[in-house]
Amino acid sequence: MALSETDTASGNQNSFVYVVAGLAALNGLLFGFDTGVISGAMLYIKDTFDITMLFGQSIHPSLVEGVIVSGAMVGAIVGAALGGRLADRLGRRRLILIGAVVFFVGSLIMAIAPTTEVLIVGRILDGVGVGFASVVGPLYISEIAPPKIRGSLVALNQLTITSGILIAYIVNYAFSSGGEWRWMLGLGMVPAAILFIGMLFMPESPRWLYEHGDEETARDVLSRIRTEGQIDAELREITETIQSETGGLRDLFQPWIVPMLVVGSGLAIFQQVTGINAVMYYAPRILESTGFGDTNSILATVAIGVVNVIMTAVAVALIDRTGRRPLLLTGLAGMTATLGIAGLVYYLPGLSGGLGVLATGSLMLYVAFFAIGLGPAFWLLISEIYPMEVRGIAMGVVTVLNWAANLLVSLTFLRLVDIISESGTFWLYGILSLIALVFCYRLVPETKGRSLEEIEADLRNTAIGTDPGETDRTDAVQTDD
């Protein structure tokens, strides 16, 4: 059967949307590469620098190692704190370009660092770029994407995060035989350059353009990513939301927004304190205790990275079909169970042989369950549940919380292992995963198939006591286009 002109136009527009979203998702690749590459580099940095000294002071080696790893988290907190407001003031596209430059410079500094202190400065700069990326990447994609495929496109950002981690693990393995950690860290300049060059040719978010008075350009951008019949309707929705909001920081504490601020903040914290980046940052270190050497430990992390990418791809394929909540709850239940198993395995004596394989397998399953649930769902939901006028600010606030929790985990993991052992640490993360499961079951809404304006209208109706059922039925009709 021949396609109609409308179907052909819609297909062409969706193709352009995929190109824009795919390129913007390279923000996630920077995020993932930075997360994964330090895990292998740390095995060799301590052979180059004296990690018992920092700024002329004698410090415990595990603390110095934690500071090097967590330097990026400090920078990311700064980047995320500034990123929300900068995204609203400068535009989504401009901030992506700035973030790519900052990440490039940070990677260069790390590659040529003569001292531990300079290395930490490079890590902090890398982190600022990652902080920008973690705010503006999902935000930009969510404002470009049509409602029916928004979930999978924003989840694409998480897929590139996991791909970045896997690429970093492969880079680590490639340079592990010679311990060439400078090459490991310096290669972060490559995706940063690709992102910068590509974004030079991409459009600004039509929502941001319209909000800042450039209706003509906003309409032009929408003509490339929507059918003709959808443009006026979308502009009307945007106009209505702009007229009803003032957009200041204090607006985040309006009674109808506070419940979603709680949801976003909870997801931000639980995504980290359930232990995922402890595994990602310290996977080779964790696996060394199973009897693997340095190179084999890095190779085993490649396998974990492959699982991470595959299961994130599964989540991307399912998230607009099954919805956000089913994947989120399934993932958290699996994380709770596998962390319990990992804790038991590490509690038993002698991790070599079969127990070593079981320990590695339990960590792979844990990462798999994270990848189908809490990994993509957090970034997607925080790009959906906030009104447009404060969306950048709100995402900045919850992303700062996410990076602060990440910093806490990266700084405390090695000390927790020293104090309560690997088994106790995994059980602690398992308990927190169970609490996160209850939190998500009770508070996290379903947003599948709704436009961003429809989600906002539903939150307003719920706050003033209007039955959202009627809105749901209307939404079901409106989002079929």
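Along each chain, residues carry numbers from 1 onward, in the same order as the chain's sequence is written. Per-residue local features are limited, in this predicted model, to residues with pLDDT of at least 70; the limit for side-chain atom pairs, both in listing and counting, is 80 or more; totals at the level of whole chains, interfaces and linings are taken over all residues. The basis for every side-chain value is the complete set of heavy atoms in the structure, and neither hydrogens nor water enter the calculation.

Rule in force here: UniProt positions are given in the numbering used here, feature names are shortened, and annotations may be inferred rather than shown by experiment.
An unreviewed UniProt entry lists the chain under the name Sugar transporter, from Natrialba aegyptia DSM 13077. What UniProt states about the chain under its Subcellular location (unreviewed entry) heading is, verbatim, "Cell membrane". For the chain, the Sequence similarities (unreviewed entry) comment in UniProt is given as "Belongs to the major facilitator superfamily. Sugar transporter (TC 2.A.1.1) family."

## Side note on the packing of aromatic side chains
Here is the rule: Ring pairs shown here join Phe, Tyr and Trp side chains whose ring centres sit within 6.5 Å, with only the six-membered ring taken for Trp; geometry is labelled stacked below 30 degrees between planes, edge-to-face above 60, and tilted in between. The helix count covers DSSP runs of H or I at least four residues long, the strand count covers runs of E at least two residues long, and both are numbered beginning at the N terminus. With a 1.4 Å probe rolled over the protein chains alone, any residue whose accessible area is under 20% of its type maximum counts as buried; one over 50% counts as exposed, and the rest are partly exposed.
Counted according to the given criterion, the structure contains eight aromatic pairs. Aromatic pair Phe49 and Trp181: ring centres 5.6 Å apart, planes at 65 degrees, arrangement edge-to-face. One end of the pair, Phe49, is in the loop between α2 (26-48) and β1 (53-54); the other, Trp181, is in helix α7 (residues 181-186), with 132 residues separating them in the sequence. With a centroid separation of 5.4 Å and 50 degrees between ring planes, the pair formed by Tyr346 and Phe426 is classed as tilted. Taken together, the residues Tyr346 in helix α15 (residues 324-347) and Phe426 in helix α18 (residues 388-443) connect sequence positions 80 residues apart. Assessed through its relative accessible area of 8%, Tyr346 is described here as buried. The class of Phe426 is buried, set by a relative accessible area of 1%. Taken together, Phe31, Phe378, Trp379 and Trp403 form an aromatic cluster joined through their ring pairs.

## Details of a nonpolar patch on the surface
Stated formally: Each patch groups residues whose relative accessible area exceeds 30% and which form no salt bridge, using 9 Å between like charges and 5 Å between nonpolar side chains of Val, Leu, Ile, Met, Phe, Trp and Tyr. The Shrake-Rupley method, run with a 1.4 Å probe sphere, supplies the accessible areas, and residue values consider only the shown protein chains as cover. For this document, the term salt bridge refers to a Lys or Arg side-chain nitrogen within 4 Å of an Asp or Glu carboxyl oxygen.
On the surface, a nonpolar cluster with roughly 800 Å² of combined accessible area is contributed by Val101, Phe104, Val105, Leu108, Ile112, Phe196, Ile197, Leu200 and Phe201. Of all the elements, helix α4 (residues 92-112) adds the most residues to the nonpolar patch, at five residues. Secondary-structure assignment places Leu108 in helix α4.

## Side note on the environment of Leu327
Our working definition: Note on contacts: a residue pair qualifies if any of its non-hydrogen atoms lie within 4.5 Å across the two residues.
By secondary structure assignment, the location of Leu327 is in helix α15. Here Leu327 falls in the buried class, since its relative accessible area comes to 9%. Measuring from C-alpha to C-alpha, the distance between Leu327 and Pro376 comes to 9.5 Å, with 49 residues separating the pair along the chain. Setting aside residues up to four positions removed in sequence, Leu327 forms contacts with Ala315, Leu318, Ile319, Thr322, Ile372 and Gly373.

## Quick notes on the confidence of the model for the chain
Condition: The predictor rates its confidence in each residue with pLDDT, a number between 0 and 100.
Predicted confidence across the chain gives a mean pLDDT of 82, with 88% of residues reaching 70 or more. The weakest mean pLDDT in the chain belongs to helix α20 (residues 468-478) at 40; the strongest belongs to α4 at 95. For residues 1-9, every residue scores under 50 in pLDDT, and the model assigns this stretch one contact once sequence neighbours within four places are set aside. Contacts from residues 466-481, a stretch scored under 50 in pLDDT, to residues over four places away or in other chains number 18 contacts.

## Details of the packing of helix α3 (residues 61-90) against α4
To keep it simple, the criterion reads: To obtain each axis, a line is fitted to C-alpha atoms, and for helices this fit is confined to the stretch in contact; angles are then taken between N-to-C directions over 0 to 180 degrees. Roughly parallel covers angles under 35 degrees, roughly antiparallel covers those over 145, roughly perpendicular covers 65 to 115, and oblique covers all other angles. Residues are grouped as follows: Ala, Val, Leu, Ile, Met, Phe, Trp, Tyr, Cys and Pro are nonpolar; Asp, Glu, Lys and Arg are charged; all remaining types, including Gly, are polar.
Between α3 and α4, the least distance of the axes is 7 Å, while the angle of their chain directions is 130 degrees. Overall, the two elements α3 and α4 adopt an arrangement that is oblique. Contact residues: Gly83, Leu86, Ala87, Asp88 and Leu90 in α3; Arg92, Arg94, Leu95 and Ile98 in α4. Here the contact of α3 with α4 is built from residues that sort into five nonpolar, one polar and three charged.

## A look at the side chain of Arg324
Basically, it comes down to this: Here a polar contact means two N or O atoms within 3.5 Å. Within protein one must be a hydrogen donor candidate and the other an acceptor candidate, and residues neighboring in sequence count only if both atoms are side-chain atoms.
With respect to the helices and strands, the residue Arg324 is situated in helix α15. A relative accessible area of 0% places Arg324 in the buried class. A polar contact of 3.2 Å, which involves the side chain of Arg324, links it to the side chain of Thr447. With near-sequence residues (within four places) excluded, Arg324 lies in contact with Arg150, Gly151, Ile319, Leu380, Leu381, Glu384, Glu446, Thr447 and Lys448.

## Section: the pattern of salt bridges
A complete count under the given rule lists seven salt bridges for this structure. One salt bridge in this structure joins Arg324 and Asp320, with 3.1 Å as the shortest N-O distance. Of the two residues, Arg324 and Asp320, both sit in the buried class. Each of Asp88, Arg92 and Glu143 takes part in a single network of salt bridges with overlapping partners.

## Topic: empty space enclosed by the protein
The cut-off we apply is this: Space inside and on the surface of the protein is sampled on a 1 Å grid over the protein atoms alone, with a cavity defined as a set of points where a 1.4 Å probe fits but cannot get out and a pocket as an open set with protein on both sides within 12 Å along at least 5 of 7 lines; lining residues have an atom within 4 Å of a point. Grid points are joined across faces, edges and corners, and a volume is the space filled by probe spheres set on the points. By convention here, the domain bounds are inherited from an automatic or database domain assignment.
This structure, assessed with the given rule, holds two cavities of 30 Å³ or more. Put simply, the largest cavity is a space of about 120 Å³. The wall of the largest cavity is formed by 14 residues, among which Gln158, Ile161, Ile276, Asn277 and Phe370 lie closest to the centre. Those elements that provide at least two residues to the lining of the largest cavity are α2, α6 (147-176), α12 (258-273) and α13 (276-288). Looking at which element gives the most residues to the lining of the largest cavity, the answer is α6, with four residues. By residue class, the composition of the lining of the largest cavity is seven nonpolar, seven polar and no charged. Both domain 1 (14-202) and domain 2 (247-463) contribute no fewer than three residues apiece to the lining of the largest cavity. For the second largest cavity, the calculated volume is near 50 Å³. Forming the boundary of the second largest cavity are Ser39, Met42, Leu43, Lys46, Glu65, Tyr281, Tyr282, Pro284 and Arg285. Looking at the lining of the second largest cavity, the elements that each hand over two or more residues are α2 and α13. By residue class, the composition of the lining of the second largest cavity is five nonpolar, one polar and three charged.

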